[in-house]
Amino acid sequence: MTKTTSIMLAAAASLGLATSSLHAQDSGPLIDKLIEKGILTDQEGEELRAELIKDFTTNTSAGKLNISSALTEMKLSGDTRFRWQYDDQQSQVASGNHVSQRSRFRFRLRLNADFKFAGDWFAGVGLETGQAADSGNQTIDAGFSDSNIYISKWFLGKNVDDWGTFVIGKQKNPFYTTDLVWDADINPVGLTESVAFHKLFGGSPAEEAPVSYSKDSGYSKDGKTVATYTAEPSGPDWGGFELTLVAGQFIYNTDATFTNDPGYNEEYPRDKSNFPDSDASNDVYMFVQQLIASYKFNSKTSVTFAPGFMISNAGVLIGFNNETPFNDVLGSDGYYIGASRDLAVITAPGDFTFPLGPLKGKVYWDFAYNVNGEDRFYDVYNFFTSISPDGELRGYSDKDGIAWLVGLEVGAGKGAGAWTLFANYRETGVASVDPNLNDSDFALGRLNTRGFKFGATYGITDFVSLGVTGFVTWNLDENGFFGPVNSTAIENRNAVNTVQVDLNWKF
């Protein structure tokens, strides 16, 4: 019997392989600990994982499920939400009749499968009931018709030690954010990288050094005096401070087949006063960078600040099916303006978490400023009209390029009996953030808005919860409208009030 075989058999015995109740997925932390202690090498650990999975699938009822030998762990999860939603909307004066109401029953189903492989590789897929990027909801109508299912996630990733993560595919949003800028349902497509500087450049944990023999005091072994010591951590001590860089390069919209002005000649550029600028032949990409800095004062008190920058190149956005999409439209001049144009947004979300007696409190905020807001105001939205008694037109204002939010959250416990209350106020300028990314529920996704979002959740069991959310929103500028670009997702409501009642269960 080889040394490696002996070690693996001993490790297997310590893990309780003799009992069929041990699942291979449960043994991962134990194997990691054996590797950490030097009992197993990395290769021996991976071989043992494979043996455990083979034994589990062969000798238990779960063996009826044939699991790939490449997997070291598989996790299945999901959730379902049943919602009643009521909307009360007040249209612009320029849009005609000014009040409309809508009541709907909706539901959302999400299924996730996450996989771990040898060598710190991982992957995942997700399915959900909604095709819209910013919502998994389907409205219950058309009798008892069955519902569609769509692919919401597909990704492959690699962890580098404990400091780096790299992912490709359609994945969960990796950024620290609020729904002022990113709707929580959106899973972007592309590449992301995460580097934890406090781990990459931080001190390694103190470890027990090899036994040394000396004349110093210590315990006796075989007539010799033995002394042990603890090695000093290497590298700087970050204390409670953490600093992580997250970056993303996303594919926003491709397969552009439009052409620019066929009469365009580089030697004789067209006169923009007579021919509008067009980016119709450009594919659209988005680049996002963020530094997430946090400091833990103690186990219950911390502060986080996460400045970032996101930019998109100019191009056409068409065929979007968000809850309230902002698609390019073909103007009477025969040109698409380019809905992704002039978006270069500085973001600065953060929070301060603290105890409130037995409760957990959190003050949170977000801020976004489009440095190209004025250009977007005129180039994309063309102009803004204020329907006042004198019919006065107004140009760009600083508030048009700024969005901000501040809120408070208070909660108690987790699982059954847990509850959370929250409320926030926000203002979103018409040229501040991307209308295809922001929260699809607040003012039903429109810009040029301000108002309150508030709600409460209660845990009925560890896996069933009840939630109520309300929105009271109105325009920053009443009765304003844009033209000639499609303004449905921008400002065609003076006020929108919404109530959502949700029953959620997870598995």
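A quick note: this is a predicted structure, and the numbers were derived from the prediction, not measured.

(A) Quick peek at a negative patch on the surface. Side chains of Glu374, Asp375, Asp379 and Asp398 sit close together on the surface and give a patch of like negative charge. Locating Asp375 in the fold gives a position in helix H5 (residues 373–379).

(B) Broad picture of the packing of aromatic side chains. Evaluation of the coordinates by the stated rule reveals 16 aromatic pairs. Pairing Phe175 with Phe250 gives two aromatic rings, centres 6.2 Å apart and planes at 90 degrees, and the pair type is edge-to-face. Note that Phe175 is positioned in the loop between strand E6 (164–170) and strand E7 (189–196) and Phe250 in strand E11 (residues 241–253), a separation of 75 residues in sequence. Accessibility expressed as a relative area gives 9% for Phe175, which makes it buried. A relative accessible area of 3% means that Phe250 is categorised as buried. Seen in terms of ring centroids, Phe442 and Phe471 are 6.4 Å apart; in terms of plane orientation they differ by 70 degrees. Their pairing is edge-to-face. Here Phe471 lies in strand E23 (residues 464–475) and Phe442 lies in the loop between strand E21 (419–428) and strand E22 (449–459), a separation of 29 residues in the sequence. Neither residue differs from the other here; Phe442 and Phe471 are each classed as buried. Through a chain of ring-to-ring contacts, the aromatic side chains of Trp404, Tyr425, Phe452 and Trp474 assemble into a single cluster.

(C) The pattern of salt bridges, seen in detail. Evaluation of the coordinates by the stated rule reveals 11 salt bridges. Here Asp502 makes a salt bridge to Arg83, at a shortest N to O gap of 2.7 Å. One end of the pair, Asp502, is in strand E25 (residues 493–506); the other, Arg83, is in strand E1 (residues 71–91), and 419 residues separate them in sequence. Here Asp502 and Arg83 have matching classes, each one buried. As a salt-bridge pair, Asp185 and Arg108 come within 3.4 Å of each other at their nearest N and O atoms. Within this pair, whereas Asp185 is found in the loop between E6 and E7, its partner Arg108 is found in strand E2 (residues 99–117), the two being separated by 77 residues in sequence.

(D) Looking closely at unusual backbone geometry. Despite not being glycine, Asp161 has its phi angle at roughly 50 degrees, a positive value. Non-glycine residue Asp342 carries a positive phi angle of around 60 degrees. With respect to the helices, strands and loops of the structure, Asp342 is situated in the loop between strand E14 (308–312) and strand E15 (343–347). Judged by relative accessible area, which is 15%, Asp342 ranks as buried.

(E) Local environment of the environment of Ile460. For Ile460, the position within the fold is in the loop between E22 and E23. Spatially, the C-alpha atoms of Ile460 and Leu503 are 9.8 Å apart, while their sequence positions differ by 43 residues. For Ile460, the residues in contact, after removing those within four places along its chain, are Ala416, Ser465, Leu466 and Leu503.

(F) How the structure looks around the nonpolar core. The biggest cluster of nonpolar side chains holds 36 residues, and the ones touching the most others in it are Trp182, Met286, Met310 and Tyr381. Of all elements in the fold, only E11, strand E12 (284–298), E15, strand E17 (359–370) and strand E20 (402–412) reach the threshold of two or more residues within this core. Grouped together as the second largest cluster of nonpolar side chains are 6 residues, Ile31, Leu34, Ile35 and Leu52 included.

(G) Up close: the environment of Ser340. In this fold, Ser340 is placed in the loop between E14 and E15. When its relative accessible area of 0% is taken as the criterion, Ser340 is described as buried. Along the backbone, Ser340 and Tyr285 are 55 residues apart, and their C-alpha atoms lie at a distance of 9.2 Å. Within polar-contact distance, the side chain of Ser340 engages the backbone oxygen of Asn313 at 2.7 Å. A polar atom in the side chain of Ser340 sits 2.9 Å from the backbone nitrogen of Gly315.

(H) Just the environment of Ala113, in detail. Relative to the helices and strands, Ala113 is located in strand E2. A residue is classified by how much of its surface remains accessible, and Ala113, at 11% relative accessible area, is buried. Each C-alpha atom of the pair Ala113 and Ser77 lies 6.5 Å from the other, and the pair is 36 residues apart in sequence. In this structure Ala113 touches Lys75, Leu76, Ala123, Gly124 and Val125, once residues within four positions along its chain are discounted.

Parameters and conventions
Residues numbered from 1 in each chain as written. Predicted model: local features only at pLDDT ≥ 70, side-chain atom pairs only at ≥ 80, totals over all residues. Heavy atoms only, no water. Patch = residues over 30% accessible without salt bridge, like charges linked within 9 Å, V, L, I, M, F, W, Y side chains within 5 Å. Areas by Shrake-Rupley, 256 points an atom, 1.4 Å probe, with all protein chains shown as cover. Salt bridge = Lys/Arg side-chain N within 4 Å of Asp/Glu carboxyl O. Lys, Arg positive; Asp, Glu negative; His and termini not counted. Charge placed at Lys NZ, Arg CZ, Asp CG, Glu CD. Helix = DSSP H or I, 4+ residues; strand = E, 2+ residues; numbered from the N terminus. Phe/Tyr/Trp six-rings, centres within 6.5 Å; stacked < 30°, edge-to-face > 60°. Buried < 20%, exposed > 50% of the residue type's maximum accessible area, 1.4 Å probe, protein only. Contact = heavy atoms within 4.5 Å. Core = buried A, V, L, I, M, F, W, Y, C linked by side-chain atoms within 4.5 Å. Polar contact = N/O pair within 3.5 Å; in protein donor to acceptor, adjacent residues only side chain to side chain.

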